[in-house]
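# Residue-level structural notes
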Amino acid sequence: MLQSCVEIEKINYKINGDYLNIMDKIKIENLEIFANHGVFPEENKLGQKFLVSVVLYTDTREAGKTDELTASIHYGEVSQFIDKYVKEHTFQLLERLAESLAEQLLLQVTHLERVKIEIKKPWAPIGLPLETVSVEIDRSWHTVYIALGSNIGNKRQFLDDAVTALDLLENCKVTRVSEYLVTEPYGVTEQDEFLNGCLKMRTLLTPHELLDELHRIEQDAGRERKIHWGPRTLDLDILFYDDCVIQEPDFCVPHVDMQNRDFVLKPLCEIAPYKRHPVYGWTVSEMLSKLSLK
């Protein structure tokens with residue numbers, strides 16, 4: 001049974017320091033679904049009631065100006081999708097159900113940029129009186145820029161295969177790829193010249209999950225980490241992940257030395273000249289100009 005209310009609400013979204021009203025919210029509240037999820041076997045067999053609420057983040061401006069449903073998100077179709085998905089799958093944990101549902105909504109629903117999901121379990125079998133137990137998560141698409149490099153074997157093929165491998169991941173979409181640039185080796189100079197490039201992609205992966213995928217793709221290409229800055233079949237580095245700043249002993253985002261590498265900045269400037277570094281505040285174009293003056 002569908003018991004929901006739908007609300008469209010403007011939110012402020014910060015881009016490069018400016019607040020712009022570019023994202024809206026469509027809310028579906030307390031969609032009632034009888035399904036089979038839980039740790040106990042009887043929950044999976046007998047089933048119970050769940051209440052699902054979602055907030056769909058999108059841009060409703062065009063729909064608001066044209067009155068065209070295809071320009072927005074059809075909340076009726078989304079409700080039917082949620083109902084079908086929750087009924088057709090069985091998970092032990094609400095966390096798993098929420099995560100899986102969020103991922104499928106982001107992959108399947110056109111115009112959806114971000115989703116918040118709350119799943120309530122009013123009949124939770126804990127042997128105590130309570131109104132409900134719930135799990136709430138917030139997931140979204142992320143914009144990532146990745147540097148590519150190779151100086152062993154068929155360099156172009158290694159780079160092309162890496163782009164394809166990333167685009168074939170279910171939760172990643174490559175949106176732009178720079179031209180490849182022939183460059184001199186950096187650090188250890190007594191090795192063959194490199195072929196370098198950059199790509200832009202959207203992903204549902206966290207930074208660490210993405211890093212694991214990059215390492216897997218490098219290994220599939222025969223990458224061996226023997227010499228720092230040494231020859232390699234394939235090198236994949238995260239340059240930007242949204243505007244996140246990550247500083248860990250073995251993982252830094254933005255890339256810690258990108259501002260000093262023209263073989264990174266040149267192809268990156270081709271696809272994102274006005275992307276601003278979240279720490280230094282410079283655009284990619286400005287970083288390249290500063291580097292050329294050194």
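This text goes with the structure placed above it.
Residues numbered from 1 in each chain as written. Predicted model: local features only at pLDDT ≥ 70, side-chain atom pairs only at ≥ 80, totals over all residues. Heavy atoms only, no water.

In this section: helix H6 (residues 207-220). Across its 14 residues, H6 extends 20 Å between first and last C-alpha, which sits within 8% of the 20 Å expected from 1.5 Å per residue. Next to the buried residues of H6 lie strand E6 (142-150), helix H5 (155-168), strand E9 (194-203), strand E10 (235-241), strand E11 (246-248) and strand E12 (251-253). Gly 222 lies just past H6 and shows a positive phi near 85°. (Helix = DSSP H or I, 4+ residues; strand = E, 2+ residues; numbered from the N terminus. Expected span 1.5 Å × (residues − 1). Contact = heavy atoms within 4.5 Å.)

The next point concerns unusual backbone geometry. Peptide bonds are trans in most cases, and residues, glycine excluded, mostly fall at negative phi. A cis amide bond, omega 0°, links Val 253 with the succeeding residue Pro 254. Within the element layout of this structure, Pro 254 appears in the loop between E12 and helix H7 (262-271). Even without a glycine there, the phi angle at Asp 67 is positive, about 65°. Along the chain, Asp 67 falls in the loop between helix H2 (61-66) and helix H3 (75-88). A positive phi is found at His 111, a non-glycine position, where the angle reads about 80°. Looking at the element boundaries, His 111 is found in the loop between helix H4 (94-108) and strand E4 (114-121). For His 111, a relative accessible area of 35% puts it in the partly exposed group. (Buried < 20%, exposed > 50% of the residue type's maximum accessible area, 1.4 Å probe, protein only.)

It is worth spelling out the pairing of E9 at this point. Most of E9 is tucked away: eight of the ten residues are buried. With five bridges connecting them, strand E7 (residues 172-177) and E9 associate as antiparallel partners. Note on E9: the bridge partner recorded for Arg 176 is Lys 200. Where strand E8 (residues 181-183) and E9 come together, three bridges link them in antiparallel fashion. Among the inter-strand pairings, Val 182 is bridged to a residue of E9, identified as Leu 195. (Pairing = 2+ DSSP bridges.)

Among the nonpolar cores identified, the biggest contains 32 residues, and Leu 56, Ile 82, Leu 105, Val 115 and Ile 117 are the most heavily contacted of them. Going through the elements one at a time, strand E2 (18-35), strand E3 (48-58), H3, H4, E4 and strand E5 (133-140) are the ones with two or more residues in this core. Excluding its chain neighbours within four sequence positions, the residues that come into contact with Leu 105 are Val 78, Phe 81, Ile 82, Leu 112, Val 115 and Ile 117. Residues Leu 148, Tyr 180, Leu 195 and Ile 238 belong to the second largest nonpolar core, which totals 27 residues. (Core = buried A, V, L, I, M, F, W, Y, C linked by side-chain atoms within 4.5 Å.)

Our focus in this paragraph is the packing of aromatic side chains. Pairs of aromatic rings are described using the distance from one ring centre to the other and the angle between the two planes. Per the counting criterion, the structure on display carries four aromatic pairs. Both rings, one in Tyr 145 and one in Phe 240, keep their centres 6.2 Å apart while their planes meet at 90°; by these two values the pair is edge-to-face. With a gap of 95 residues between them, Tyr 145 in strand E6 and Phe 240 in strand E10 connect regions that are remote in the sequence. Here Tyr 145 matches Phe 240 in class, with each residue buried. Considering the side-chain rings of Tyr 280 and Trp 282, the 5.1 Å spacing of their centres and the 20° angle between planes classify their relative orientation as stacked. Here the basic side chain of Arg 114 rests over the ring of Tyr 57, its NZ or CZ set 4.2 Å away from the ring centre. The aromatic ring of Phe 240 is capped on one face by Lys 275, whose charged end is 5.3 Å from the ring centroid. (Phe/Tyr/Trp six-rings, centres within 6.5 Å; stacked < 30°, edge-to-face > 60°. Lys NZ or Arg CZ within 6 Å of the ring centre and 35° of its normal.)

Right, let's get into the side chain of Ser 140. Among the structural elements, Ser 140 can be located in strand E5. With near-sequence residues (within four places) excluded, Ser 140 lies in contact with Leu 106, Glu 113, Arg 114, Thr 203 and Leu 204.

Take a negative patch on the surface next. A cluster of acidic residues, Asp 59, Glu 62, Asp 67 and Glu 68, forms a negative patch on the protein surface. Mapped onto the elements of the fold, Glu 68 is located in the loop between H2 and H3. By relative accessible area, which is 46% here, Glu 68 ends up partly exposed. (Patch = residues over 30% accessible without salt bridge, like charges linked within 9 Å, V, L, I, M, F, W, Y side chains within 5 Å. Areas by Shrake-Rupley, 256 points an atom, 1.4 Å probe, with all protein chains shown as cover. Salt bridge = Lys/Arg side-chain N within 4 Å of Asp/Glu carboxyl O. Lys, Arg positive; Asp, Glu negative; His and termini not counted. Charge placed at Lys NZ, Arg CZ, Asp CG, Glu CD.)

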